[in-house]
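# Tertiary structure, described
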Amino acid sequence: MAPRDPKDGGGAGGGGGGAADPEADIEAPLLVSSGSSFFLDPAGEDGDEERRRRRRRFLLGSYTQSNTTSQVALVGADVCPIQSLDYELIENDVFKQDWRARGRGHIVRYVALKWALCFLVGAFAAAAGFVANLGVENVAGAKFVVTSNLMLEGKHRSAFAVFLASNFALTMLAAVLTVYVAPAAAGSGIPEVKAYLNGVDAPNIFSLKTLIVKIVGCIAAVSSSLHVGKAGPLVHTGACIASILGQGGSRKYHMTCKWLRYFKNDRDRRDLVTCGSAAGIAAAFRAPVGGVLFALETVSSWWRSALLWRAFFTTAMVAVVLRALIDFCKSGKCGLFGKGGLIMFDVTADYVTYHLVDLPPVITLGVFGGILGSLYNFFLDKVLRLYNLINEKGQTYKLLLAATVTVCTSCCLFGLPWIASCKACPTDSEEACPSIGRSGNFKKFQCGMTEYNDLASLFFNTNDDTIRNLYSAGTDDEFHMSSILVFFAASYFLGIFSYGLALPSGLFVPVILTGAAYGRLVGMLIGSQSTLDHGLFAVLGSAALLGGSMRMTVSVCVVILELTNNLLMLPLVMLVLLISKVVADAFNANVYDLLVRLKGFPHLEGYAEPYMRQLSVSDVVTGPLQTFSGIEKVGHIVHVLKTTGHNGFPVVDEPPFSDSPTLYGLILRDHLLVLLRKKDFIRSCTASTLNTSKHFTHDEFAKRGSGKQDRIEDIELSAEELEMFVDLHPFTNTSPYTVLETMSLAKALILFREVGLRHLLVLPKSSKRAPVVGILTRHDFMPEHILGLHPFLFKSRWKKVRLGKLNTSIL
């Protein structure tokens, strides 16, 4: 078996692996995406070509060998080193002194600041959503007006040239900003947020550059007529805002806020990021309750009642701020197309009626929606693997890929309406026909002044306006079946090919749009057997495709209801979502789990695989264990930190400091770096009389925010200092979580995930052995690691139930 890459940041060798240069762990291995992992390859000149060859073989589907995971992943469109987050409370002497010094005033301030930060997150997320929506409406609106005016004058070639050039320029703006300024801004960002809230930390995913590029790039990408949405990027934007506010300022820019020092830990930042992700959905759809449920159902791994209240307060602030901004826009001060509606569709009849005869068409809609949703995930997986092959060739290829897709998309959007026949304007419509210089259901395109092109009405609008057109009640005769069929097929595949480019892009809105066309199509085919309006079929079609692709039920149901402002559809939406999810689950995983695995994030599921019941924790703990003594030589600490990439080290007291070898606790790498940088050493191997409260403060050991972390190479020590000693007792976590080596792996996984651990110490069954025999980290629960150690499990029955589906449908 290949040795494990120690860059967990995991344990001190308990998961396997020998000593290695930590920088080599980050930079030397190149990757092969394996769905839920990457393959480590040896460094060296001969390894480069072999790495590329193996990666190409695997991504094209011919590589099936299981291997160990390494701690690197695709963040955006780039490969980055990743570590785990420290959600556990470090109960050492410094921590206890800090909490003893906190009085009632500190507690009141801490609680008040939590609510104040939630208010700020909600307000800023609402502002970001408003700016993104307004930017898309005005930029895309100006583009469509210029194109339509040229078409009105009969200058068809000039219209196409303007349409193509503007789309190309907007796409290149988004791609250049993403590739050269903030690669972590690529994609929707939801897989990164989901991984972070599961305990995986990746560099720059919440940085200020990522936030700015996410907003600007999202406006440009969505305005370029690519079939991408802004809901996913807004979730990432809300998480970025929450993370930045929770960092307590920036030392780099001399903008530190001492009153925010309470939040310099991963636990509070995790809660704030959860509220930020909920605020993102609330800002995208003006759905505060749906935002809370989205965070609970989709992205969050840990939840509690206190967090529910704060998330709900955050999304409520989003709704209030959006309402104020929308009222401001009603005065006509928001530009060409901008009214600040943010996808608020009062589109169905005032009173929705349905009967028993309507159930068969609705059930049919749900069944085929589940099939189409699972196929959507399958095709998206294949396309993303192909895009990975192209993107790994360099930045130029990322730009060329984006340019190729946007040119093809523009040709399709401009060319397909020519195959549609013109329709006479309805005489009883309240809306102007044809609609010139604005959005609407009646685009003239190449038709006469009393006619409209129904396919152009769908293609030559922003996504929001097209969804509004499809959802509109009383429009059963406004679209040809052939036009809806063409639009559905084009939207289905353009949405797949547009995602995965090196620019901010979301899946939520394109799936809603495609589902609306699918619902309309089903309504036209079998609507004669039902009393439901075609606009209502479009709403149910969106729910069916969302359930089939994303497998969300409760949150999507509430979002759809808040989106359409009609509670009467609740039973039908629930029925469609349940049916589509059940059908799609029989084929593959939901789209966000697929993306998390494809990017290589070591995501811990909330359940244990059946084969984990057959193993104990001792079956997966391998390799030498690196420990420190309670009073350790400085030179030895420096050597271990330079030659390993481990994050946690057991501290063991030995005679004469204890009667027998005894586990004292666990100390973190970051805390050791603080001690080495402080240089409060002792000259002999004796207990220190140092008063830690006078020489150290809790702030010095607080978790730093995004940006450059401390490195052992940056600390300079003299030869004399290397021969000195340091007392680790005051800085060691004396209450780490421990399990016996006989505990089942399944039980250990539940404990590890539910508590949110980074290290889990394994103790021996017998007292005659060493006091600690290993450390379990996130890596040790990954299927590739376990099955690499125990390949016989491939032959067991569980493979057909779980792994077989994973390999054929996801990997």
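Residues numbered from 1 in each chain as written. Predicted model: local features only at pLDDT ≥ 70, side-chain atom pairs only at ≥ 80, totals over all residues. Heavy atoms only, no water.

## Observations concerning the overall build of the protein
Per the secondary structure count, the protein includes 28 helices and 16 strands. Split into buried and exposed, the 811 residues of the protein put 59% on the buried side. Counted over contacts in the protein with a minimum sequence separation of 6, partners at least 24 positions apart contribute 78%. Split by element, the accessible area of the protein, about 31200 Å² in all, is 60% carbon and sulfur. (Helix = DSSP H or I, 4+ residues; strand = E, 2+ residues; numbered from the N terminus. Buried < 20%, exposed > 50% of the residue type's maximum accessible area, 1.4 Å probe, protein only. Contact = heavy atoms within 4.5 Å. Areas by Shrake-Rupley, 256 points an atom, 1.4 Å probe, with all protein chains shown as cover.)

## Examining the sheet that holds strand E14 (residues 738–740)
Taken in spatial order, the three strands line up as E14-E15-E16 in an open sheet, and their pairing is mixed. One side of each edge strand has no neighbouring strand; the edge strands of this open sheet are E14 and strand E16 (774–776). Taking each pair of neighbouring strands and ignoring which way they run, the sheet shows an average axis angle of 35 degrees. (Pairing = 2+ DSSP bridges. Axes fitted to C-alpha atoms, helices over the stretch in contact; angles between N-to-C directions.)

## Regarding the nonpolar core
Among the nonpolar cores identified, the biggest contains 126 residues, and Phe285, Leu470, Tyr471, Phe508, Leu540, Met550 and Phe601 are the most heavily contacted of them. The biggest single contributor to this core is helix H17 (residues 508–526), with eleven residues. In this structure, Val634, Val638, Ile715 and Val726 belong to the second largest nonpolar core, which totals 25 residues. (Core = buried A, V, L, I, M, F, W, Y, C linked by side-chain atoms within 4.5 Å.)

## Comments concerning the side chain of Asp593
Within the secondary structure, Asp593 sits in helix H21 (residues 591–598). For Asp593, the side chain forms a polar contact with the side chain of Asn590, separated by 2.8 Å. (Polar contact = N/O pair within 3.5 Å; in protein donor to acceptor, adjacent residues only side chain to side chain.)

## Quick word on the state of the cysteines
All chains considered together, the criterion is met by one disulfide. One disulfide in the model links Cys422 with Cys447; its S-S distance is 2.0 Å. Disulfide Cys422-Cys447: the torsion about the S-S bond is -90 degrees, which places it as left-handed. Separated by 25 residues along the polypeptide, Cys422 in the loop between helix H13 (395–415) and strand E7 (423–424) and Cys447 in the loop between E7 and strand E8 (451–452) bring together distant segments of the chain. On the accessibility criterion, Cys447 (4% relative accessible area) is buried. In this model Cys408 remains outside any disulfide bridge; the closest cysteine sulfur is found in Cys411, 6.5 Å from its own. With a relative accessible area of 44%, Cys408 lands in the partly exposed category. (Disulfide = S-S within 2.5 Å.)

## Re a nonpolar patch on the surface
There is a patch of nonpolar side chains on the surface, built from Phe368, Ile371, Leu375, Phe379, Phe493, Phe497 and Phe587 and spanning about 600 Å² of accessible area. Those elements giving two or more residues to the nonpolar patch turn out to be helix H12 (359–391) and helix H16 (481–498). Here the nonpolar patch takes four residues from H12, the largest share from any one element. Within the fold, Phe587 resides in the loop between helix H20 (570–585) and H21. (Patch = residues over 30% accessible without salt bridge, like charges linked within 9 Å, V, L, I, M, F, W, Y side chains within 5 Å. Salt bridge = Lys/Arg side-chain N within 4 Å of Asp/Glu carboxyl O.)

## Digging into the packing of H12 against H16
Taken N-terminus to C-terminus, the directions of H12 and H16 make an angle of 40 degrees; their axes are 8 Å apart at the nearest point. If you check the angle between H12 and H16, you find them oblique. Handedness of the H12/H16 crossing: right-handed. Note on element contacts: H16 touches H12 through Phe488, Tyr492, Phe493, Gly495, Ile496 and Phe497, opposite Leu372, Leu375, Tyr376, Phe379, Leu380, Val383 and Tyr387. In terms of residue class, the contact of H12 with H16 is built from twelve nonpolar, one polar and no charged. (Parallel < 35°, antiparallel > 145°, perpendicular 65-115°, else oblique. Left-handed = near helix turned anticlockwise from the far one by under 90°. Nonpolar A, V, L, I, M, F, W, Y, C, P; charged D, E, K, R; others polar.)

## A word on the pairing of strand E11 (residues 648–653)
Two faces, one strand: in a regular strand the side chains alternate between the faces of the sheet. A large share of E11 lies buried, amounting to six of its six residues. On E11, burial covers both faces: Gly648, Pro650 and Val652 on one face and Phe649, Val651 and Asp653 on the other are all buried. Inspection of the sheet shows strand E9 (residues 628–629) paired to E11 by two bridges, in the parallel sense. From the neighbouring strand, Ser629 faces E11, where its bridge partner is Val652. By the bridge criterion, six bridges tie E11 to strand E12 (residues 662–668) in an arrangement that is antiparallel. Residue Asp653 lies in a different strand from E12, and its bridge partner there is Thr662.

## Focus on the pattern of salt bridges
Per the counting criterion, the structure on display carries 20 salt bridges. Among the salt bridges present, the one from Lys581 reaches Asp585, with a minimum N-O distance of 2.7 Å. Of this pair, Lys581 and Asp585 both sit in helix H20, four residues apart, which is roughly one turn of that helix. The salt bridge involving Glu741 is made with Arg769; its shortest N-O contact spans 2.6 Å. With Glu741 in the loop between E14 and helix H26 (745–755) and Arg769 in the loop between strand E15 (760–763) and E16, this pair connects stretches of sequence that are 28 residues apart. On the basis of relative accessible area, Glu741 is assigned to the buried category, the value being 12%.

## Comments concerning the packing of aromatic side chains
Inspection of every chain in the model, using the stated rule, returns 23 aromatic pairs. When the ring of Trp115 is compared with that of Phe313, the centres are 5.3 Å apart and the planes differ by 80 degrees; the resulting orientation is edge-to-face. Within this pair, whereas Trp115 is found in helix H4 (residues 104–152), its partner Phe313 is found in helix H11 (residues 305–329), the two being separated by 198 residues in sequence. For Trp115, a relative accessible area of 34% puts it in the partly exposed group. By relative accessible area, which is 26% here, Phe313 ends up partly exposed. One aromatic cluster in this structure is built from Phe144, Phe160, Phe163, Phe414, Trp418, Phe445 and Phe460. The positively charged end of Lys143 is found above the aromatic ring belonging to Phe144, 4.8 Å away from the centroid. The lysine or arginine in question, Arg270, covers the ring of Tyr87, its NZ or CZ lying 4.4 Å from the ring centre. (Phe/Tyr/Trp six-rings, centres within 6.5 Å; stacked < 30°, edge-to-face > 60°. Lys NZ or Arg CZ within 6 Å of the ring centre and 35° of its normal.)

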